[in-house]
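Chain and residue survey
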Amino acid sequence: MSTYPEQVNTFGNSRPARTSATGSTLRNVVVGTTALGAATLGYSAGIERRHWTLRTAELPVLGPGTRPVKILHISDLHMLPTQQSKQRWVAALDELQPDLVVNTGDNLAHPQAVPSVLRALGPLLTRPGVFIFGSNDYYGPKPKNPARYLLPKGRAKRVHGTRLPWRDLRAALIERGWLDLTHVRRTIDIAGQNVFAAGVDDPHIRRDRYSDIAGAPDPGAVLRLGLTHSPEPRVLDAFARDGYDLVLAGHTHGGQLRLPGVGALVTNCELDRSRARGASRWGKDMWLHVSAGLGTSPYAPLRFACPPEATLLTLVPRDNPNTPGKQAKRRAKRSKAQPGSA
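To start, this report covers the structure provided alongside it. (Residues numbered from 1 in each chain as written. Predicted model: local features only at pLDDT ≥ 70, side-chain atom pairs only at ≥ 80, totals over all residues. Heavy atoms only, no water.)

Concerning helix H6 (residues 233-242)
Keep this limit in mind: Burial here depends on accessible area, computed with a 1.4 Å probe over protein chains only, as a share of the maximum for the residue type. Under 20% is buried, over 50% is exposed, and the range in between is partly exposed. Runs of E in the DSSP output that reach at least two residues are strands. Runs of H or I that reach at least four are helices, and both are numbered from the N terminus. By the convention used here, residues are in contact when the closest approach between their heavy atoms is within 4.5 Å.
Within H6, burial applies to Pro233, Val235, Leu236, Ala238, Phe239 and Asp242. Of the surrounding elements, those touching the buried residues of H6 are strand S7 (193-199), strand S8 (223-227), strand S9 (246-249), strand S12 (278-282) and strand S13 (286-290). Once H6 finishes, Gly243 follows within two positions and takes phi at roughly 95°, a positive value.

Below, the structure is given as structure tokens:
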């Protein structure tokens with residue numbers, strides 16, 4: 001039975017029918033809700049998705065008595081050739097003078113976006129850097145039903161777009177000195193200290209082969225760093241079992257649409273929603289940092305309560321007396337640059 005008030009017209013009555021106060025209130029609610037929804041949509045698509053944000057966090061993950069290490073974590077650029085504002089902002093991150101740049105994938109959103117990604121990363125490519133790829137480096141975006149992300153596990157069908165020129169991007173990054181850590185274990189010198197790093201291909205599309213990098217990392221390294229694009233728990237558990245200190249990931253976009261007091265609605269992977277963005281503990285000894293990323297699919301160019309971000313992580317010794325206990329220091333600040341073209 002309908003709960004809406006009925007409006008009854010009486011034939012033969014010379015006076016126009018009067019609208020009830022309840023009906024007027026209902027119309028006002030509908031109009032107000034529609035206007036609020038339109039305003040929210042406009043803000044999400046036109047403003048927040050271009051509010052480039054730098055987040056900072058301090059994590060106690062280094063060996064005792066070592067010097068701090070600054071890592072710039074970049075993820076999920078989803079670059080289009082026209083996104084000049086994003087390219088300028090990312091390039092300016094070089095002013096932070098990180099000791100190491102880590103890129104956790106999903107750089108491309110267009111077959112001709114490789115030059116745009118390289119322009120964005122340009123100054124950073126002169127610094128030590130490591131990378132892995134995500135599904136949207138291999139395959140272009142396609143229109144998808146957003147409701148599929150809310151389907152139960154196993155019922156959402158993965159849809160791949162056209163193949164993207166990831167090999168060209170990989171060759172360019174390697175030529176500039178960055179290391180591809182896809183199924184590779186490496187000990188690298190960062191600011192005069194040994195860092196052991198290893199990564200896997202994207203678990204979201206089942207390209208990961210953790211067995212290729214399994215085993216205890218270098219015990220003499222000041223940091224044992226793992227990389228994965230999608231923070232799937234099965235991969236995180238494997239890193240934790242092998243004794244890694246920190247794993248960096250992306251993919252979730254921080255939920256992309258978040259509600260105050262609720263947080264991320266979805267993660268698009270098996271990770272729980274509470275870890276969709278930022279730093280958290282994974283098990284007893286390992287930290288996880290998930291970047292909310294700097295882009296969106298061109299078919300879903302919306303962000304709400306989750307601005308695009310890069311993160312500067314300051315890694316400090318576990319025995320640092322100034323380091324907070326179980327919680328990492330974390331803050332965000334807006335870029336001074338005004339939002340530009342997408």
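Re the pattern of salt bridges
Cut-off, in case you're wondering: Salt bridge, as used here: a side-chain nitrogen of Lys or Arg that lies within 4 Å of a carboxyl oxygen of Asp or Glu.
Applying the stated criterion to the full structure yields 10 salt bridges. Arg234 is the salt-bridge partner of Asp208, the closest N and O atoms lying 2.6 Å from each other. With Asp208 in the loop between S7 and S8 and Arg234 in helix H6, this pair connects stretches of sequence that are 26 residues apart. Look at the salt bridges and you will find they share partners, linking Arg224, Asp245 and Arg318 into a network.

Re the side chain of Asp202
To be explicit about the condition: A residue counts as positive if it is Lys or Arg and as negative if it is Asp or Glu; His and the chain ends are not included. The term polar contact refers here to a pair of N or O atoms within 3.5 Å; inside protein, the definition further demands a hydrogen-donor-capable atom paired with an acceptor-capable atom, and it admits residues adjacent in sequence only when both atoms are side-chain atoms.
Looking at where Asp202 falls in the secondary structure, it is placed in the loop between S7 and S8. Of the buried charged residues, Asp202 lacks a salt bridge, with Arg207 as the closest side chain of opposite charge at 7.4 Å. Within polar-contact distance, the side chain of Asp202 engages the backbone nitrogen of His204 at 2.9 Å. Residues contacting Asp202, with those up to four places away along its chain left out, are Phe133, Gly134, Ser135, Arg207, Asp208, His229 and Ser230.

Observations regarding the sheet that holds strand S6 (residues 184-190)
The condition is simple: Two strands qualify as a pair provided DSSP detects at least 2 bridges between them. Simply put, an axis is a line fit to the C-alpha atoms, just over the touching stretch for a helix, and the angle between two N-to-C directions goes from 0 to 180 degrees.
Here we have 6 strands laid out as an open sheet, ordered S6-S7-S8-S9-S13-S12, and mixed in their pairing. Strands at the two margins of the open sheet, each flanked by one partner only, are S6 and S12. Strand-to-strand twist across the sheet, computed as the mean angle between neighbouring axes with direction ignored, equals 25°. Here 7 bridges tie S6 to S7, and the two strands are oriented antiparallel to one another. Paired with Ile190 across the bridge in S7 is Gln193.

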